[in-house]
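Here is what each chain is made of, one letter per residue.
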Amino acid sequence: MKKKIHLIAVSLILVSLNSYSQWISPGNSNSFTLDDLVAESGGTVTQDGEDYYFNETVTISASDTLHINNDGLLYIHAGILWTIEGVLITNPPNQFEIKKPLGDANFEGIRFDNSPSSSMSRLILSGCGGIKLVDSPMEIRECSFSNFGQEYSTATISLF
């Protein structure tokens, strides 16, 4: 009987750990692209043709930078929070789009947490639960925000 209870307890722990999977950049002053995240994240970030997908929570750690310098599309699945503690720079030639997959609920949101100098240019962002800027100066140029919910924030962009 004790063996069964132990087996059930271990199974429940493993299932709960799997449901909170995520990828966190190493925080070693690294510079990444989405292609790098596909290669290094073990399936958290995937690519299908020209499109990228965040399948689980992604955190860009303090001192790391994610550059999005190409036109393209990133789908973020429902319930996923993207946290930027380092730097996010989007600067595509024409536009880069971030949205939820068709049929999904809004993804939870994007949190900039003590991000020292992020910049978003020519970004189209929709299907998001909100953006929180927590002690994070941000430059936003030529961007479009639409179809935001209140899953994560009471406004499209909340300042803290």
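Up top you'll find the structure we're talking about.
Every chain begins its residue count from 1, and numbering advances along the sequence as written. Side-chain atom pairs in this predicted model are given and counted only at pLDDT of 80 or more, local residue features only at pLDDT of at least 70, and totals for whole chains, interfaces and linings cover all residues. The basis for every side-chain value is the complete set of heavy atoms in the structure, and neither hydrogens nor water enter the calculation.

Participant: What should I look at first to understand the sheet that holds strand E1 (residues 22–24) in this one?
Facilitator: Whether parallel or antiparallel, the strands of a sheet pair through hydrogen bonds between backbone atoms. Taken together, the six strands give an open sheet; going across it, the order is E1-E5-E8-E11-E14-E17, and neighbouring strands pair in parallel fashion. A single partner strand is all that each edge strand has here, and the edge strands are E1 and strand E17 (157–159). The average undirected angle you get between the axes of adjacent strands in this sheet is 10°. By the convention used here, strands pair only if DSSP detects at least 2 bridges between them. Put simply, DSSP H or I for four residues or longer makes a helix, DSSP E for two residues or longer makes a strand, and each gets a number counted from the N terminus. Note on geometry: axes are lines fitted to C-alpha atoms, helical ones only across the stretch in contact, with angles between N-to-C directions running from 0 to 180 degrees.

Participant: Is there a simple way to explain the sheet that holds strand E2 (residues 31–32) in this structure?
Facilitator: The strand order across the open sheet formed by five strands is E2-E6-E9-E12-E15, and the pairing between neighbours is parallel. Strand pairing shows two members of the sheet lacking a second neighbour, E2 and strand E15 (138–141), which therefore form its edges. By the bridge criterion, four bridges tie strand E6 (residues 65–68) to strand E9 (residues 87–90) in an arrangement that is parallel. Following the sheet pairing, Ile 68 is matched in E9 by Thr 90.

Participant: Is there a simple way to think about the nonpolar core in this case?
Facilitator: Throughout this description, the term nonpolar core refers to a set of buried Ala, Val, Leu, Ile, Met, Phe, Trp, Tyr and Cys residues connected via side-chain atoms within 4.5 Å. For every residue, the accessible area (1.4 Å probe, protein chains only) is compared with the maximum for its type, and the residue is labelled buried under 20%, exposed over 50%, or partly exposed between those bounds. In this structure, Phe 54, Leu 66, Trp 82 and Ile 98 are the most contacted members of the largest nonpolar core, which totals 29 residues. Non-local contacts of Leu 66, meaning those with residues more than four positions away in its chain, are made with Phe 32, Thr 33, Leu 34, Leu 37, Ile 60, Trp 82, Val 87, Leu 88 and Ile 89. Residues are treated as being in contact if the distance between any of their heavy atoms lies within 4.5 Å.

Participant: Please explain the pairing of strand E4 (residues 51–54) as it appears in this structure.
Facilitator: Each regular strand displays side chains that alternate between the two surfaces of the sheet. Here strand E3 (residues 45–48) pairs with E4 via four bridges, running antiparallel. Each residue of the ladder has a partner; that of Gln 47, found in E4, is Tyr 52. A loop of two residues connects E3 with E4, the two strands running antiparallel in sequence, and Gly 49 in this loop sits at a positive phi of about 65°. Pairing between E4 and strand E7 (residues 72–76): four bridges, direction parallel. Paired with Tyr 52 across the strands is Leu 74, a residue of E7.

Participant: Before we go on, may I ask you to explain the pattern of salt bridges in this structure?
Facilitator: Only one rule defines a salt bridge in this text: a Lys or Arg side-chain nitrogen within 4 Å of an Asp or Glu carboxyl oxygen. As enumerated under the stated definition, the model contains four salt bridges in all. Taking the shortest distance from any N to any O, the salt bridge between Arg 141 and Glu 139 comes out at 2.8 Å. Overall, Arg 141 belongs to the partly exposed group, its relative accessible area being 35%. Judged by relative accessible area, Glu 139 falls into the partly exposed class, the value being 38%.

Participant: What is the right way to look at the environment of Ser 117 in this model?
Facilitator: Among the structural elements, Ser 117 can be located in the loop between strand E11 (109–113) and strand E12 (118–121). The class for Ser 117 is partly exposed, based on a relative accessible area of 43%. For the pair Ser 117 and Ser 136, spaced 19 residues apart in the sequence, the C-alpha separation amounts to 7.2 Å. With near-sequence residues (within four places) excluded, Ser 117 lies in contact with Val 87 and Pro 137.

Without other data, these values stay purely geometric and don't point to any function.
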